[in-house]
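Now for the letters of each chain:
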Amino acid sequence: MDNNLKREIIIDNYENPYHKEKIEDKDYIKANTHNESCIDNIDLFVKVENGVIVDAYFDGEACAITTSATSIMLKNIIY
């Protein structure tokens, strides 16, 4: 993959992250991914039905790489 394309994907997912929103719903499982060695502190909210991830969101503060990676991950795990 071209390096410029990689940068474009990272920047796009950082500036316009997929499903970045805080969810206050008891049907979602919350997990925190706080990293003590850097600024990253993300809450993941995952809704599971019959053993399948049907929805997920994230919220918090993180660097461009972590925010982009979380955004891309959510695009790929929601069934």
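Anything mentioned here points back to the structure above.
Please read all numbers here as calculations on a predicted model, not as lab measurements. (Residues numbered from 1 in each chain as written. Predicted model: local features only at pLDDT ≥ 70, side-chain atom pairs only at ≥ 80, totals over all residues. Heavy atoms only, no water.)

**Student:** Before we go on, may I ask you to explain helix α2 (residues 64–77) in this structure?
**Tutor:** For an α-helix the count is 3.6 residues per turn, leaving residues at separations of three or four pointing the same way. If you check α2, its first and last C-alpha atoms are 20 Å apart, about what 14 residues at 1.5 Å a residue would give, namely 20 Å. Looking at the buried residues of α2, the elements they touch are α1 (3–15), β2 (41–49) and β3 (52–61). (Helix = DSSP H or I, 4+ residues; strand = E, 2+ residues; numbered from the N terminus. Expected span 1.5 Å × (residues − 1). Contact = heavy atoms within 4.5 Å.)

**Student:** For this particular structure, what's the right way to read the side chain of S71?
**Tutor:** Turning to its location among the elements, S71 is positioned in helix α2. For S71, a relative accessible area of 0% corresponds to the buried category. Other than its neighbours up to four places away in sequence, S71 contacts N13, P17, Y18 and F58. (Buried < 20%, exposed > 50% of the residue type's maximum accessible area, 1.4 Å probe, protein only.)

**Student:** How do you make sense of unusual backbone geometry when you look at a structure like this?
**Tutor:** Of note, H19 is a non-glycine position whose phi angle comes to about 60°, a positive value. You will see that N50, though not glycine, has its phi angle at about 55°, which is positive. Summarising the element assignment, N50 is placed in the loop between β2 and β3.

**Student:** Would you explain the nonpolar core in this entry?
**Tutor:** The tendency in soluble globular proteins is for nonpolar side chains to be buried as a group. Counting 7 residues, the largest nonpolar core is built from I42, L44, V46, A56, F58, A62 and L74. Elements with a minimum of two residues in this core: β2 and β3. (Core = buried A, V, L, I, M, F, W, Y, C linked by side-chain atoms within 4.5 Å.)

**Student:** Looking at this model, I keep getting lost on a nonpolar patch on the surface. Mind explaining?
**Tutor:** Residues M1, L5, I9 and I72 make up a contiguous nonpolar surface patch of roughly 350 Å² in combined accessible area. Within the secondary structure, M1 sits in the segment before α1. (Patch = residues over 30% accessible without salt bridge, like charges linked within 9 Å, V, L, I, M, F, W, Y side chains within 5 Å. Areas by Shrake-Rupley, 256 points an atom, 1.4 Å probe, with all protein chains shown as cover. Salt bridge = Lys/Arg side-chain N within 4 Å of Asp/Glu carboxyl O.)

**Student:** What is the right way to look at the sheet that holds β3 in this model?
**Tutor:** Paired through their backbone hydrogen bonds, the strands of a sheet run either parallel or antiparallel. Reading across the sheet, the 3 strands line up as β1-β2-β3 and stay open at both edges, with antiparallel pairing between neighbours. Edge positions in the sheet fall to β1 (28–32) and β3, since each of these pairs with one other strand and no more. The average angle at which neighbouring strand axes cross in this sheet is 20°, direction not considered. Direction of pairing for β2 relative to β3: antiparallel, over a ladder of 9 bridges. Within the sheet, the bridge partner assigned to K47 lies in β3 and is D55. Along the sheet, α2 makes contact with β2 and β3, crossing β3 at roughly 165°. (Pairing = 2+ DSSP bridges. Axes fitted to C-alpha atoms, helices over the stretch in contact; angles between N-to-C directions.)

Read these as spatial facts, not as claims about activity.
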